[in-house]
Amino acid sequence: MITTVTLNASIDKAYHMDQPVVGGTVMRVHAVKNSAGGKGLNVARVAKICGSTVQATGLVGGFNGSYLEYLTQQDGIVSNFGHIAGETRSCINILDERFSSTEFLEPGCEVSAQELEEYLADFPRIIAQSDVVTISGSLPKGVPTHTYQTLVDLCKQANKPVILDTSGEALRLGIAAQPTMIKPNQDEIEALFNISVQSRADVIAAAQRLHQEGIAQVVISLGGDGALLVCEQGTYQAIPPAIEVANTVGCGDSMVAAFAVGFERAMSAPDALVYAVAVASAAALSSCTGQYDPAHRDEILPKVELRKIA
């Protein structure tokens, strides 16, 4: 089983408009799609499509929290959330006829120290039956920046591989606990090392440095050029075939999900990289975030080129 952690979950509301959005007027929405939101929930849905049993955990509260748990279960994902007194936030994405996207992201309610303490105390029980744990996204208000470091430590104490996908100080502190895998982007690498990345070689050097500092697998997405992986076996790049991209939102979450599946199925790190690039590419063909067609993955998979760089 794969467990995905989303501490700052949300109800994601996609408003589909059949006309351009005009400010200062009444606009009627053509169609609405509600989903359990947050990066970890995207990971959960993709891992489920990959064929894994998945449970989602994190913090939810209020009527929105109950609705989020319902939506999670409707996606075939086990719901195992901690509960808080505040109301789970909503995030709205307005999509108009020109395919432009305007997002309104609520900050979310504050989590009390006691609520967080109770969740952390229960976390070992939640992950006990898991083969791998993923931790994704931002932290809610009131949650200290070292919390992901604590969660990574708890996963390691339980001998669970753990993937950390976050940013800023939460990432820097989380790295100190040496998660099994991280997936920083170029901006996050620059912030971690206080450098300006000028070339692909700079990216590779930074990823290799992170690996040498104790991260077993460092993955960096390269968009249409696939992804880099630094691991015990060396440094690799997996390059997908050219595709007609429909939606890149959530492709990084799809990659995290595929790597989690790779850990669960005991794939070698290079094989997991190829699989993850195929899944992320298939997700880019879908207009829905956190979704993909397995037929697209299976078509792309044999066309992914694996190169050993170092």
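Because the structure is predicted, anything quoted here is derived from the model rather than measured.

Asker: Talk me through the overall build of the protein; I want residue IDs and the actual numbers.
Answerer: Secondary structure assignment for the protein yields 10 helices and 15 strands. The globule rule puts the C-alpha radius of gyration for 310 residues at 19 Å, and the 19 Å found for the protein is close to it. Counting only C-alpha atoms and orienting by the principal axes, one finds that the protein spans roughly 55 × 45 × 40 Å. Looking at the protein as a whole, 51% of its 310 residues are labelled buried. Summed over its atoms, the accessible surface of the protein is roughly 13800 Å², and 50% of this surface lies on carbon and sulfur atoms.

Asker: Can you tell me about helix α1 (residues 39–49), naming the residues and giving the values?
Answerer: In terms of residue burial, α1 counts as a mostly covered element, since eight of its 11 residues are buried. For α1, the complete set of buried residues consists of Gly40, Leu41, Asn42, Val43, Ala44, Arg45, Val46 and Ala47. Taken from the residues just after α1, Gly51 is the one with a positive phi, measuring 105°.

Asker: So what's going on with unusual backbone geometry? Which residues, and what values?
Answerer: The residue Asn159 is not glycine, and still its phi comes out positive at about 60°. Structurally, Asn159 can be placed in the loop between α4 (147–157) and β10 (162–165). Not every positive phi belongs to a glycine, and Asn194 is a case in point at roughly 55°. With respect to the secondary-structure elements, Asn194 resides in the loop between α6 (186–193) and α7 (200–212). On the accessibility criterion, Asn194 (72% relative accessible area) is exposed.

Asker: Requested: an account of the environment of Ala206, with residues and values cited.
Answerer: Tracing the chain through its elements places Ala206 in helix α7. Between the alpha carbons of Ala206 and Asn247 there is a distance of 28 Å; along the sequence they are 41 residues apart. Excluding residues within four positions of it along the chain, Ala206 makes contact with Ile189 and Phe193.

Asker: I'd love a proper account of the sheet that holds strand β3 (residues 31–37), names of residues and values included.
Answerer: Spatially, β3-β2-β7-β8 is the arrangement adopted by the four strands of the open sheet, whose pairing is mixed. Only two strands of the sheet have a single partner each, and these edge strands are β3 and β8 (101–105). Strand-to-strand twist of the sheet, defined as the mean angle between neighbouring strand axes without regard to direction, takes the value 15°. Contacts from helix α2 (residues 62–74) reach β2 (10–16), β3 and β7 (89–95), with the element oriented near 90° to β3.

Asker: Pulling in residues and values, what's your account of the nonpolar core?
Answerer: Within the largest apolar cluster, 50 residues are counted, with the highest numbers of intra-cluster contacts made by Met255, Phe259, Leu273 and Tyr292. If you list the elements that add at least two residues to this core, you get α1, β4 (54–61), α2, β13 (227–231), β14 (234–239), α8 (251–264) and α9 (269–284). Take this core: its biggest share by element is 13 residues, from α9. Of all hydrophobic cores here, the second largest spans 40 residues; its members include Val5, Tyr119, Val143 and Phe193.

Asker: A description of the state of the cysteines should follow, citing residues and the corresponding values.
Answerer: Linking two cysteines covalently through their sulfur atoms gives a disulfide. Enumeration over the complete set of coordinates arrives at zero disulfides. Cys109 takes part in no disulfide bond, and the closest cysteine sulfur to it belongs to Cys91, at a distance of 12 Å. Left without a disulfide partner, Cys231 is nearest to the cysteine sulfur of Cys50, which lies 20 Å away. Take Cys231: its relative accessible area is 4%, and that puts it in the buried class.

Asker: Before we move on, can you summarise α2 with the specific residues and values?
Answerer: Its 13 residues give α2 an end-to-end C-alpha distance of 19 Å, which sits within 8% of 18 Å, the value for a rise of 1.5 Å per residue. Within α2 the residues assigned to the buried category are Asn64, Gly65, Leu68, Glu69, Leu71 and Thr72. Axial view of α2: buried residues confined to an arc of 165°, hence all on one face. Counted as exposed and oriented over 90 degrees from the buried face of α2: Phe63 and Gln74. Gly76 occupies a position one or two residues after α2 and carries a positive phi of about 80°.

Definitions and limits used
- Residues numbered from 1 in each chain as written.
- Predicted model: local features only at pLDDT ≥ 70, side-chain atom pairs only at ≥ 80, totals over all residues.
- Heavy atoms only, no water.
- Helix = DSSP H or I, 4+ residues; strand = E, 2+ residues; numbered from the N terminus.
- Rg over C-alpha atoms; globule rule 2.2 N^0.38 Å.
- Buried < 20%, exposed > 50% of the residue type's maximum accessible area, 1.4 Å probe, protein only.
- Areas by Shrake-Rupley, 256 points an atom, 1.4 Å probe, with all protein chains shown as cover.
- Contact = heavy atoms within 4.5 Å.
- Pairing = 2+ DSSP bridges.
- Axes fitted to C-alpha atoms, helices over the stretch in contact; angles between N-to-C directions.
- Core = buried A, V, L, I, M, F, W, Y, C linked by side-chain atoms within 4.5 Å.
- Disulfide = S-S within 2.5 Å.
- Expected span 1.5 Å × (residues − 1).
- Arc of directions from axis to C-beta.

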